[in-house]
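# Analysis of the macromolecular model
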Amino acid sequence: MSQLPWHDSLQQALAQRRADGLYRQTRLRDGAQGVNVNVDGRDLISFCSNDYLGLANHPALVEAFKHAVNVEGVGSGAAHLLTGHSRFHQQLEEALAEFTGQQKVMLFATGYMANLAVIDGLLDRGDVVIQDKLNHASLLDGGRLSNATLIRYPHNDMAMLHKRLHGAANTQRKLIVSDGVFSMDGDVAPLPEIMALAKQHRAGVVIDDAHGMGVIGEQGKGTLQYFDDKLNDKPILVGTFGKAFGTAGAFIAADALVIETLTQQARSFIYTTAPPPAIAAATVKALEIIETEPERRLQLQARIQQFRDGANQLGLQLMDSFTAIQPVLIGDDKRALTVGQQLEQQGFLVGVIRPPTVPKNTARLRITLSANHSEAQVTQLLSALEQCHVH
Ligand SMILES: *Cc1c(COP(=O)(O)O)cnc(C)c1O
């Protein structure tokens, strides 16, 4: 029986969700991902994808993908530890180790799984994981899965992190975990301070740089490079391919012993099929473009600056972000939903982010910029926002 015995209470909960403006819906896209998308049958200008560098439909990635499919077929057929780890995966791991300056890299099918791995694979009952309150859901889930004691600190609050570390002084294994660039706010973790506190308290550090890799830092090496001259040590790094890289999947880059340990212990690595080799081949190409075409980052930075300047002139409530994520704070859930719908009527697609993804009363438009947006498109979005009377 696929209908559940508590069918009625599910129906009630969904109705409540609708009434509260919290209902979520899958949209249907036809054609390629990009700045111009066709969603639910309408042509729209998208300001909600994470394809920050415009690589998701880049001809060179498509070509690399096709070539790999011709060589190796589609499926990897097995987990990495069996026969799933292909030459293309190996090539990507080595290229990423070089790019990040870390000893070793291991691949995952998704960032979600990498984050489960990096916490669950390193900690056990009795250990402590200390997380920023605004960390991505997958990091929080990694903490829950691990049986380690989960402690949180207010967003980017280093005095409170210090206090938490003091509180856990008697625990031998402590792991501080933070987003590099926060996914719903666009701001950056104070990494030099986190690293200094970690050193002082003998804690490990994991940085999930899903939104920093490819985007910030002079060569697109993310949050670690952004703070390069203030760091003596490198944290364990998680990066994802579904955003600026334009493909799918994720990696962990770290000291060889950490990667070796995760290879033995991380269940979301061991008990799952390796991603298709063609994804790895396309990602190698994406990395090459990130390394050789800095103009994409400059173009993106120009659009970010243009948007911020224009939004400030309109009196919109922006957040403390210089990254591709430029949220506009609305507050009320239903109001945010209405503004999102009004923008869509004018031809613009933005993310409408509501609780529980963000704290209560902080519903927002999550506007993301891409190197492929034109100056004119950003100008058009700004005038559409003006017509919504958001401020
Ligand atoms: C998107 C995201 C993830 C998850 O990555 P997927 O590859 O999409 O599963 C993890 N962490 C952060 C901060 C993200 O934004």
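Each remark here, short or long, concerns the structure printed above.
Residues numbered from 1 in each chain as written. Predicted model: local features only at pLDDT ≥ 70, side-chain atom pairs only at ≥ 80, totals over all residues. Heavy atoms only, no water.

## Section: helix 7 (residues 158-167)
The periodicity of an α-helix, 3.6 residues per turn, causes residues three or four places apart in sequence to face the same way. Within helix 7 the residues assigned to the buried category are Met158, Leu161 and Leu165. The buried residues of helix 7 occupy one face: seen down the axis, they fall within an arc of 50°. Across helix 7 from its buried face, at more than 90 degrees, point the exposed residues Ala159, Lys163, His166 and Gly167. Next to the buried residues of helix 7 lie strand 5 (128-132), strand 6 (149-153), strand 7 (174-179) and helix 8 (191-200). One side-chain oxygen at the N-terminal end of helix 7 lies 3.2 Å from the backbone nitrogen of Ala159; it belongs to Asp157. (Buried < 20%, exposed > 50% of the residue type's maximum accessible area, 1.4 Å probe, protein only. Helix = DSSP H or I, 4+ residues; strand = E, 2+ residues; numbered from the N terminus. Arc of directions from axis to C-beta. Contact = heavy atoms within 4.5 Å. Polar contact = N/O pair within 3.5 Å; in protein donor to acceptor, adjacent residues only side chain to side chain.)

## So, the site of the ligand
Residues in close proximity to the ligand total 13 residues, the closest being Gly111, Tyr112, Asp208, His211 and Lys243. In this structure, Asp208 approaches the ligand through a side-chain N or O atom, which is 2.5 Å from a nitrogen atom. A distance of 2.7 Å separates an oxygen atom of the ligand from a polar atom in the side chain of Lys243. Considering every element that reaches the shell around the ligand, the biggest residue donor is helix 5 (residues 111-120), with three residues. Looking at the shell around the ligand residue by residue, the classes come out as two nonpolar, eight polar and three charged. (Near = heavy atom within 4 Å. Nonpolar A, V, L, I, M, F, W, Y, C, P; charged D, E, K, R; others polar.)

## Some details on the sheet that holds strand 2 (residues 36-39)
Ordered by their spatial adjacency, four strands build an open sheet running 1-2-3-12, and the pairing between neighbours is mixed. At either end of the open sheet lies a strand with only one pairing partner, and these are strand 1 (29-30) and strand 12 (348-349). In the sheet, strand 3 (residues 42-46) pairs with strand 12 via two bridges, with the strands oriented parallel. Within the sheet, the bridge partner assigned to Ile45 lies in strand 12 and is Phe348. (Pairing = 2+ DSSP bridges.)

## Some thoughts on the state of the cysteines
Under the counting rule described, the total for this entry stands at zero disulfides. Of all cysteine sulfurs in the structure, the one in Cys388 sits closest to Cys48, which takes part in no disulfide; the separation is 15 Å. Note on Cys48: relative accessible area 27%, which makes it partly exposed. (Disulfide = S-S within 2.5 Å.)

## Some thoughts on the packing of helix 13 (residues 294-314) against helix 15 (residues 375-387)
It is at 10 Å that the axes of helix 13 and helix 15 come closest, and there the two elements cross at 20°. By the criterion of interaxial angle, the relationship of helix 13 to helix 15 is roughly parallel. With respect to the hand of their crossing, helix 13 and helix 15 are arranged in right-handed fashion. Counted together, Arg303, Gln306, Phe307, Gly310, Ala311 and Leu314 of helix 13 and Glu375, Val378, Thr379, Leu381, Leu382, Leu385 and Glu386 of helix 15 form the full contact between these two elements. When its residues are assigned to classes, the contact of helix 13 with helix 15 shows seven nonpolar, three polar and three charged. (Axes fitted to C-alpha atoms, helices over the stretch in contact; angles between N-to-C directions. Parallel < 35°, antiparallel > 145°, perpendicular 65-115°, else oblique. Left-handed = near helix turned anticlockwise from the far one by under 90°.)

## Things to note about the pattern of salt bridges
Taken as a whole, this structure holds seven salt bridges when the rule is applied. Note that Lys285 is salt-bridged to Glu288, the shortest N-O span being 3.1 Å. In this pair, Lys285 and Glu288 both sit in helix 12 (residues 277-292), three residues apart, roughly one turn of the helix. The exposure class assigned to Lys285 is partly exposed, which follows from its relative accessible area of 24%. Notably, a salt bridge pairs Glu293 with Arg296, separated by 2.8 Å at the nearest N-O pair. Overall, Glu293 belongs to the partly exposed group, its relative accessible area being 21%. Its relative accessible area of 16% is what places Arg296 among the buried residues. (Salt bridge = Lys/Arg side-chain N within 4 Å of Asp/Glu carboxyl O.)

## Notes on the sheet that holds strand 10 (residues 250-254)
With mixed pairing, seven strands are arranged side by side in an open sheet as 4-10-9-8-7-5-6. The open sheet is flanked by strand 4 (104-108) and strand 6, the only strands paired with a single partner. The mean inter-strand angle of the sheet, taken between neighbouring strand axes irrespective of direction, is 20°. When strand 5 meets strand 6, the two strands line up parallel, connected through five bridges.

## With respect to the side chain of Asp185
Looking at the element boundaries, Asp185 is found in the loop between strand 7 and helix 8. Since its relative accessible area comes to 14%, Asp185 is described here as buried. Within the structure, the side chain of Asp185 is placed 3.0 Å from the side chain of Arg364, a separation counted as a polar contact. Residue contacts for Asp185: discarding those within four places in its chain leaves Leu134, Met319, Ser321, Ile325, Pro327 and Arg364.

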